[in-house]
Amino acid sequence: METLAIDWKVLAESVIKGYKVTAEEALSIVQAPDEEVLEILNAAYLIRRHHYGNKVKLNMIINTKSGLCPEDCGYCSQSIVSEAPIDKYAWLTKEKIVEGAQESIRRKAGTYCIVASGRRPTNREIDHVIEAVKEIRGTTDLKICCCLGFLNEEHAGKLAAAGVHRYNHNLNTSQENYGKITSTHTYEDRVDTVEAVKEAGMSPCSGAIFGMGESEKEAVEIALSLRGLDADSIPCNFLNAIDGTPLEGTSELTPTTCLKLISMMRFVNPSKEIRLAGGREINLRSMQPMALYAANSIFVGDYLTTAGQEPTADWGIIEDLGFEIEECAL
């Protein structure tokens, strides 16, 4: 398909007025020559500024159950097929989860993300999370996000009733590419969980991992699928190919490609929280600050099994840009 010749600023102004970019226009962003990156970022920033000003939302993850997962996701160091040398442990105590909330506050993160490995939570695990959530809700003003695997209607309802604001369940990759990444569940399984989250009244958080063999067209399809699902928060991960995982050695992304992907996501989902997530440090490298002209949210600190940069480094980036941390996410 021939790349469209587009005035990026004019397109951004149309998006601000309510226009929905087409698949062809979104693909043109991803396929644009690198010398147009600054123009694209500037246009994406117009959309970001319209909806979020210069504020940046910070999010912190706590890995409450590590490894021991029966799924075979090729990107994940916690999967059953991974040989990566990671810490493996069962659930943290309620007290440890509650302590993590205080660490989130110290890092100026308004959203606290309680994450556990595994296919889906048991009744007992749901109750364990709920006990911690109730205490956190009673003592802080944090927005609480959970990521516990597939959810049924009953579990989604319990989490919502306990005060969980948001639930994360990423699509990860396109429907067409899904079978190359995992065989133990389907793309449709993930969509079903996002729909259950919405039905229960929680805010849906769902995103992507770029750099897993998807085509440029498939990258656009992920963004359009997330628009169709009406995900409120969209984490954009960039593959950190961990040694010992099936995707070990994969390196498909450049910093400018990442900037175009983030900008494309902003154009397609203009009013949504677009978050720089896992792999941003090693894929964006020195270009990390520029990505915040399109994204308005980041994770601070470590990820599930990989290290992030120090929160002070992220605070410095935000300050140097003249942006502002939004410490209360409610």
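The model shown is predicted, which means the values in this text are computed figures rather than measured ones. (Residues numbered from 1 in each chain as written. Predicted model: local features only at pLDDT ≥ 70, side-chain atom pairs only at ≥ 80, totals over all residues. Heavy atoms only, no water.)

**Comments concerning the overall build of the protein**
Here comes step 1: Within the protein one finds 12 helices and 10 strands.
Here comes step 2: Taking 20 Å as the expected radius of gyration for a compact globule of 330 residues, we find that the protein reaches 19 Å, a close match to that expectation.
Here comes step 3: Along the three orthogonal principal directions, the C-alpha set of the protein runs to about 55 × 40 × 35 Å.
Here comes step 4: Relative to its full complement of 330 residues, the protein shows a buried share of 58%.
Here comes step 5: Taking contacts inside the protein between residues at least 6 apart in sequence as the whole, the part at least 24 apart equals 75%.
Here comes step 6: Within the structure as shown, the protein displays about 13,700 Å² of accessible surface, and the carbon and sulfur contribution to it stands at 49%.
Here comes step 7: One way to put it: in the protein the 33 positive side-chain charges average out to a point 5 Å from where the 48 negative ones average out. (Helix = DSSP H or I, 4+ residues; strand = E, 2+ residues; numbered from the N terminus. Rg over C-alpha atoms; globule rule 2.2 N^0.38 Å. Buried < 20%, exposed > 50% of the residue type's maximum accessible area, 1.4 Å probe, protein only. Contact = heavy atoms within 4.5 Å. Areas by Shrake-Rupley, 256 points an atom, 1.4 Å probe, with all protein chains shown as cover. Lys, Arg positive; Asp, Glu negative; His and termini not counted. Charge placed at Lys NZ, Arg CZ, Asp CG, Glu CD.)

**What to know about unusual backbone geometry**
Here comes step 1: We note that Asn172 has phi near 75 degrees; this positive angle belongs to a residue other than glycine.
Here comes step 2: Judged by its relative accessible area of 4%, Asn172 is buried.
Here comes step 3: Notably, Asp230 is not glycine yet its phi reads approximately 60 degrees, a positive angle.
Here comes step 4: The class of Asp230 is partly exposed, set by a relative accessible area of 40%.

**Comments concerning the UniProt feature "domain: Radical SAM core" (unreviewed entry) in the protein**
Here comes step 1: The UniProt record marks residues 51-280 with the feature "domain: Radical SAM core" (unreviewed entry), using the residue numbering of this structure.
Here comes step 2: Structurally, residues 51-280 comprises 37% helix and 18% strand, and the distance from its first C-alpha atom to its last is 23 Å. (UniProt positions renumbered as here; feature names shortened; annotations may be inferred.)

**Some points on the side chain of Ser263**
Here comes step 1: Tracing the chain through its elements places Ser263 in helix 9 (residues 255-268).
Here comes step 2: In this structure, Ser263 is in contact with Ile29, Ile40, Leu41, Ala44 and Ala294, ignoring residues within four places of it in sequence.

**Some points on the packing of helix 2 (residues 23-31) against helix 8 (residues 216-229)**
Here comes step 1: Where helix 2 meets helix 8, the closest approach of the two axes is 9 Å, and the angle between their N-to-C directions is 125 degrees. Relative to helix 8, helix 2 is oriented oblique. Relative to helix 8, helix 2 is oriented so that their crossing is right-handed. Across from Ala23, Ala26, Leu27, Val30 and Gln31 in helix 2, the residues of helix 8 making contact are Glu216, Lys217, Val220 and Leu224.
Here comes step 2: Taken together, the residues that form the contact of helix 2 with helix 8 break down as 6 nonpolar, 1 polar and 2 charged. (Axes fitted to C-alpha atoms, helices over the stretch in contact; angles between N-to-C directions. Parallel < 35°, antiparallel > 145°, perpendicular 65-115°, else oblique. Left-handed = near helix turned anticlockwise from the far one by under 90°. Nonpolar A, V, L, I, M, F, W, Y, C, P; charged D, E, K, R; others polar.)

**Remarks on helix 5 (residues 123-139)**
Here comes step 1: Taking 1.5 Å of rise per residue, 17 residues should cover 24 Å, and helix 5 covers 25 Å from first to last C-alpha, within 8% of that figure.
Here comes step 2: Listed as buried for helix 5 are Glu125, Ile126, Val129, Ile130, Ala132, Val133 and Ile136.
Here comes step 3: As for helix 5, its buried residues are in contact with strand 1 (55-65), helix 4 (94-106), strand 2 (111-116), strand 3 (143-147) and helix 6 (153-162). (Expected span 1.5 Å × (residues − 1).)

**Structural notes on helix 12 (residues 311-321)**
Here comes step 1: For helix 12, the complete set of buried residues consists of Pro311, Asp314, Ile317, Ile318 and Leu321. Projected onto a plane normal to the axis of helix 12, the buried residues spread over an arc of 120 degrees and lie on a single side. Along helix 12, exposed side chains directed more than 90 degrees from the buried face belong to Thr312, Glu319 and Asp320.
Here comes step 2: Buried-residue contacts for helix 12 involve strand 1, helix 10 (280-284), helix 11 (288-291), strand 9 (297-299) and strand 10 (324-326).
Here comes step 3: One or two steps after helix 12, the chain reaches Gly322, where phi turns positive at roughly 80 degrees. (Arc of directions from axis to C-beta.)

**Brief notes about the packing of aromatic side chains**
Here comes step 1: In the structure shown here, the tally under the stated rule is 5 aromatic pairs.
Here comes step 2: An angle of 90 degrees between the planes, with centres 5.4 Å apart, marks the rings of Tyr45 and Tyr293 as edge-to-face. Placement of the pair is Tyr45 in helix 3 (residues 37-52) and Tyr293 in the loop between helix 11 and strand 9, with a sequence separation of 248 residues.
Here comes step 3: What makes Tyr293 partly exposed here is its relative accessible area of 29%.
Here comes step 4: Over the face of the ring belonging to Trp315 we find Lys108, whose NZ or CZ atom lies 4.3 Å from the ring centre. (Phe/Tyr/Trp six-rings, centres within 6.5 Å; stacked < 30°, edge-to-face > 60°. Lys NZ or Arg CZ within 6 Å of the ring centre and 35° of its normal.)

**Structural notes on the pairing of strand 2**
Here comes step 1: Across the 6 residues that make up strand 2, a large majority, 6, are buried.
Here comes step 2: Going residue by residue along strand 2, you find Thr111, Cys113 and Val115 tucked away on one face and Tyr112, Ile114 and Ala116 tucked away on the opposite face as well.
Here comes step 3: Relative to strand 2, strand 1 is paired through 6 bridges, and the arrangement is parallel. By the bridge assignment, Lys65 is partnered in strand 2 with Ala116.
Here comes step 4: In this fold, strand 1 hands off to helix 4, which returns the chain to strand 2; that crossover is right-handed.
Here comes step 5: Where strand 2 meets strand 3, 5 bridges bridge the pair, whose relative direction is parallel. Opposite Tyr112, over in strand 3, you have Ile144 as the bridge partner.
Here comes step 6: In this region the chain leaves strand 2, passes through helix 5 and returns to the parallel neighbour strand 3; the handedness of that crossover is right-handed. (Pairing = 2+ DSSP bridges. Right-handed = clockwise from strand over helix to strand, strands pointing away.)

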